[in-house]
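Chain by chain, the residues:
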Amino acid sequence: MVTLRSYQPNDGPALLALFRDTIRRVNSRDYSPPQVAAWASDDIDTVQWFGRFAGRFVPVAEEDGRPVGFAELEPDGHIDRVYVSADHHGRGVGRQLLAAVVAEARRVGLARLFTEASITARPFFEGQGFVVLAPQVVTLRGVEFVNYRMERVLAEPGAAADGGGRSAFWRS
Ligand SMILES: CC(C)(COP(=O)(O)OP(=O)(O)OC[C@H]1O[C@@H](n2cnc3c(N)ncnc32)[C@H](O)[C@@H]1OP(=O)(O)O)[C@@H](O)C(=O)NCCC(=O)NCCS
């Protein structure tokens with residue numbers, strides 16, 4: 001059974017491994033080998049990569065004590081990394097993670113969520129109420145990528161959308 005918990009500082013290496021594996025096995029459907037090599041690079045600065053979790057709301061999905069997905073919400077409503085293990089796709093893990101992000105956004109009074117979704121993740125975000133603002137081209141380690149600027153305007157706190165309340169994650 002997959003459950004959510006908060007990020008712990010010692011999660012970094014497992015989440016980085018999950019990140020690389022997901023890009024190589026899943027995003028590789030939509031991005032070229034040079035793009036995948038740049039995105040899931042072996043040369044990622046781990047101190048900087050782990051450091052990005054600080055100050056963010058980071059729900060981690062785990063099964064049998066091992067991380068199978070994570071999401072990141074920044075204080076301004078930006079959703080940064082959202083990754084679910086290739087072995088756990090299509091089981092509602094991403095939806096669980098996003099529900100926790102939405103609940104936190106509402107708790108702190110954010111009016112909107114926004115992200116830059118990969119080609120792979122765009123249908124997922126559309127299914128979760130996000131709309132595309134514009135496609136864009138970004139450069140990472142000298143390689144260009146297409147992704148989509150997307151946003152979701154949040155309903156008033158207490159509205160019925162998303163069940164209208166805090167997820168079980170919040171009661172734990
Ligand atoms: C995007 C991602 C996080 C979704 O996680 P997931 O656990 O597979 O998603 P869920 O099982 O919770 O799916 C929720 C809904 O989105 C839909 N969905 C998910 N991925 C989809 C896809 N690629 N295409 C179409 N629909 C998709 C599911 O069918 C499901 O629909 P439903 O609510 O009607 O049943 C996951 O596919 C992933 O890690 N992708 C690669 C990494 C990535 O690109 N991350 C974003 C970086 S910007």
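Residues numbered from 1 in each chain as written. Predicted model: local features only at pLDDT ≥ 70, side-chain atom pairs only at ≥ 80, totals over all residues.

Draft legend 1. Structural context of the overall build of the protein chain. Looking only at helices and strands, the protein chain features six helices and seven strands. Shown N-terminal to C-terminal, the secondary structure of the protein chain runs as helices and strands in the order β-α-α-α-β-β-β-α-β-α-β-β-α. For the protein chain, the proportion of its 172 residues judged to be buried stands at 27%. Put simply, 64% of the contacts in the protein chain that link residues at least 6 apart link residues at least 24 apart. (Helix = DSSP H or I, 4+ residues; strand = E, 2+ residues; numbered from the N terminus. Buried ≥ 20, exposed ≤ 12 C-beta atoms within 10 Å, placed from the backbone. Contact = placed C-beta atoms within 7 Å.)

Draft legend 2. Geometry of the site of the ligand. Lining the immediate environment of the ligand, one finds 20 residues, of which His89, Gly94, Arg95, Ala121 and Pro123 sit closest. Elements supplying a minimum of two residues to the shell around the ligand: strand 4 (78-84), helix 4 (93-107) and helix 5 (122-127). The residue inventory of the shell around the ligand, partitioned by class, reads nine nonpolar, nine polar and two charged. (Near = placed C-beta within 6 Å. Nonpolar A, V, L, I, M, F, W, Y, C, P; charged D, E, K, R; others polar.)

Draft legend 3. Region of the structure containing the sheet that holds strand 4. Taken together, the seven strands give an open sheet; going across it, the order is 1-2-3-4-5-7-6, and neighbouring strands pair in mixed fashion. At either margin of the open sheet sits one strand with a lone partner, and together these are strand 1 (3-6) and strand 6 (131-140). Here the average twist between neighbouring strands, direction ignored, is 30°. Note that strand 5 (residues 112-117) and strand 7 (residues 143-153) share six bridges and pair antiparallel. Bridging across to strand 7, Thr115 finds its partner in Met150. On top of the sheet, helix 1 (residues 12-25) reaches strand 3 (66-73) and strand 4; it is set at about 80° to strand 4, its chief contact. Helix 4 contacts strand 1, strand 2 (59-63), strand 3, strand 4 and strand 5 of the sheet and is inclined by roughly 35° relative to strand 3. (Pairing = 2+ DSSP bridges. Axes fitted to C-alpha atoms, helices over the stretch in contact; angles between N-to-C directions.)

Draft legend 4. Structural view of the nonpolar core. By size, the foremost hydrophobic cluster in this structure holds 31 residues, and its most contacted members are Ala61, Phe70, Ala71, Leu97 and Val101. Per-element accounting of this core gives the leading share, eight residues, to helix 4. Apart from the residues lying within four places of it in its own chain, the contact partners of Phe70 are Tyr7, Leu15, Val58, Pro59, Val60, Ala61, Arg81, Tyr83 and Leu97. (Core = buried A, V, L, I, M, F, W, Y, C linked by C-beta atoms within 7 Å.)

Draft legend 5. Just the confidence of the model for the protein chain, in detail. Confidence in the prediction of the protein chain, expressed as mean pLDDT, is 91, and 90% of residues score 70 or more. For residues 160-172, every residue scores under 50 in pLDDT, and the model assigns this stretch 14 contacts once sequence neighbours within four places are set aside. (pLDDT = per-residue confidence, 0-100.)

Draft legend 6. Structural view of the pairing of strand 4. Two elements, strand 3 and strand 4, share four bridges in a ladder whose sense is antiparallel. Its bridge partner lying in strand 4, Leu73 is registered against Ile79. From the end of strand 3 to the start of strand 4, which pair antiparallel, there are four residues, and Gly77 there has a positive phi angle of about 100°. Handedness of the strand 4-helix 4-strand 5 crossover: right-handed. (Right-handed = clockwise from strand over helix to strand, strands pointing away.)

Draft legend 7. Highlighting helix 1. Look at helix 1: 20 Å from first C-alpha to last across 14 residues, which is about the 20 Å you get at 1.5 Å a residue. The complete set of buried residues in helix 1 reads Leu15, Leu18, Thr22 and Ile23. Buried residues along helix 1 cover an arc of 125° about the axis, so they all sit on one side. Exposed side of helix 1, more than 90 degrees from the buried face: Pro13 and Ala17 are the residues found there. Packed against the buried residues of helix 1 are helix 2 (33-39), strand 3 and strand 4. (Expected span 1.5 Å × (residues − 1). Arc of directions from axis to C-beta.)

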